[in-house]
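A closer look at the structure
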Amino acid sequence: MPRIEADALTKRFGSLTAVDRLSFDVKEGEVFGLLGPNGAGKTTTVRMLACLILPSEGSGRVGGHDIIKDSMKIREIVGILTENPSLYDRLTPYENMSFFAQAYGLSDQQQRRSRIRELLDFFNLWERRNDKVGAFSKGMKQKLAIARTLVHEPPILLLDEPTSGLDPESAKEIRDLISSLSQRENHTILLCTHHLEDAERLCSRVMIINRGSRIIIGTPQELRNRTSNKTAIEISLKVYDLRLVQAVEEVEQVSEVTVDKSRGRLVITAEDPDNSTPEIVRRIVYSGGEILSVSIVQPSLEEAYLKFVKG
Ligand SMILES: Nc1ncnc2c1ncn2[C@@H]1O[C@H](COP(=O)(O)OP(=O)(O)OP(=O)(O)O)[C@@H](O)[C@H]1O
Ligand SMILES: [Mg+2]
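Residues numbered from 1 in each chain as written. Chains lettered and ligands numbered in written order. Predicted model: local features only at pLDDT ≥ 70, side-chain atom pairs only at ≥ 80, totals over all residues.

Let us look at the sheet that holds strand β10 (residues 213-218). In spatial order, the strands read β6-β7-β8-β3-β9-β10; together these six strands make up an open sheet with mixed pairing. In this open sheet, the two strands that pair with only one neighbour each are β6 (78-81) and β10. In this sheet, adjacent strand axes meet at a mean angle of 15° when their direction is disregarded. Two elements, strand β9 (residues 205-210) and β10, share five bridges in a ladder whose sense is antiparallel. Opposite I208, over in β10, you have I216 as the bridge partner. Together, β3 (31-35) and β8 (188-192) form the strand contacts of helix α6 (residues 168-183), whose direction differs from that of β8 by roughly 150°. Packing against the sheet, helix α11 (residues 301-310) makes contact with β3, β9 and β10, and its axis sits at approximately 30° to β9. (Pairing = 2+ DSSP bridges. Helix = DSSP H or I, 4+ residues; strand = E, 2+ residues; numbered from the N terminus. Axes fitted to C-alpha atoms, helices over the stretch in contact; angles between N-to-C directions. Contact = placed C-beta atoms within 7 Å.)

So, about the pairing of strand β1 (residues 4-13). The sheet contact formed by β1 and strand β4 (residues 57-62) spans five bridges and is antiparallel. Each bridged residue has a counterpart across the sheet, and for I4 the counterpart in β4 is V62. By the bridge criterion, seven bridges tie β1 to strand β2 (residues 16-26) in an arrangement that is antiparallel. Across the sheet, the residue bridging to I4 is V26, located in β2. As consecutive antiparallel partners, β1 and β2 are separated by two residues, and within that stretch G14 has a phi angle of approximately 60°, a positive value.

We note that E161 has phi near 55°; this positive angle belongs to a residue other than glycine. Considering the arrangement of structural elements, one finds E161 in the loop between β7 (156-160) and α6. Residue E161 is classed as buried on the basis of its 20 C-beta neighbours within 10 Å. (Buried ≥ 20, exposed ≤ 12 C-beta atoms within 10 Å, placed from the backbone.)

What is shown is where atoms sit, not what they do.
Below, the structure is given as structure tokens:
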């Protein structure tokens, strides 16, 4: 049974339709990426699923509960990280966490303390536990907001731009956390992101939306395969020589060779690179070329995204 389901979910703000009959589901243990340009309707979709706003039409279920009728049950099992998390600036991180832990029903004080300590430790905020949150940097606030999202150990997470504002090291920690929560603990995660590399690394499936509607849904691999750009074989040479280009062009499967002379690199488009690459390498070596590296470069999810959003 899917853990998150949206069925013709629609949200109108006055005359604007922010989310337009959107249907999709997210399976248990899956990290599902919700992608799309600014204003596409990602945050609005997440807010409806988290029962923060009501849909204008359509329906949704989270953990088997109806988003319109069972909002209390959904709050218990869902952790939501919103775009602009509201933390209490005049409280400390510890107090912020404690407040939310109690709101989420963690009544056992000992249990609450150890959970808060564990999370603040994980996010390197334990030492700052007694400072006021108002004086925190943007990234520190973001980490605290993520810690807060996890305080009641929810099995379903709705994360809106979790790595926004984080330094590269912290962003990597969050990525690792997301993949470990889904793989080891079988958490179900809906991830809104503009970081297409993150989406490629983390998500088993992604959906691109624009103007509130679905453009495409599939695995990152499926989306990449649908770009017109083909897989390329890139070969770096110690010394560039026109004869080597000619040698490569003679290989039957090769359809195009472009040369990046400044970097001594050939970019080759060929059918069936798994089989044509060894032959290409052989020809270069026979012709006296010295190869520094060979790599097979697939079109990225970013290329696919740009194609679908522009198209
Ligand atoms: N409370 C609101 N009142 C009126 N319009 C709103 C409201 N919330 C969102 N919208 C509009 O709905 C559309 C979708 O906004 P949403 O925040 O869902 O986009 P998004 O995909 O999350 O974009 P971003 O990538 O910039 O975060 C936008 O046109 C936005 O102006
Ligand atoms: Mg948004």
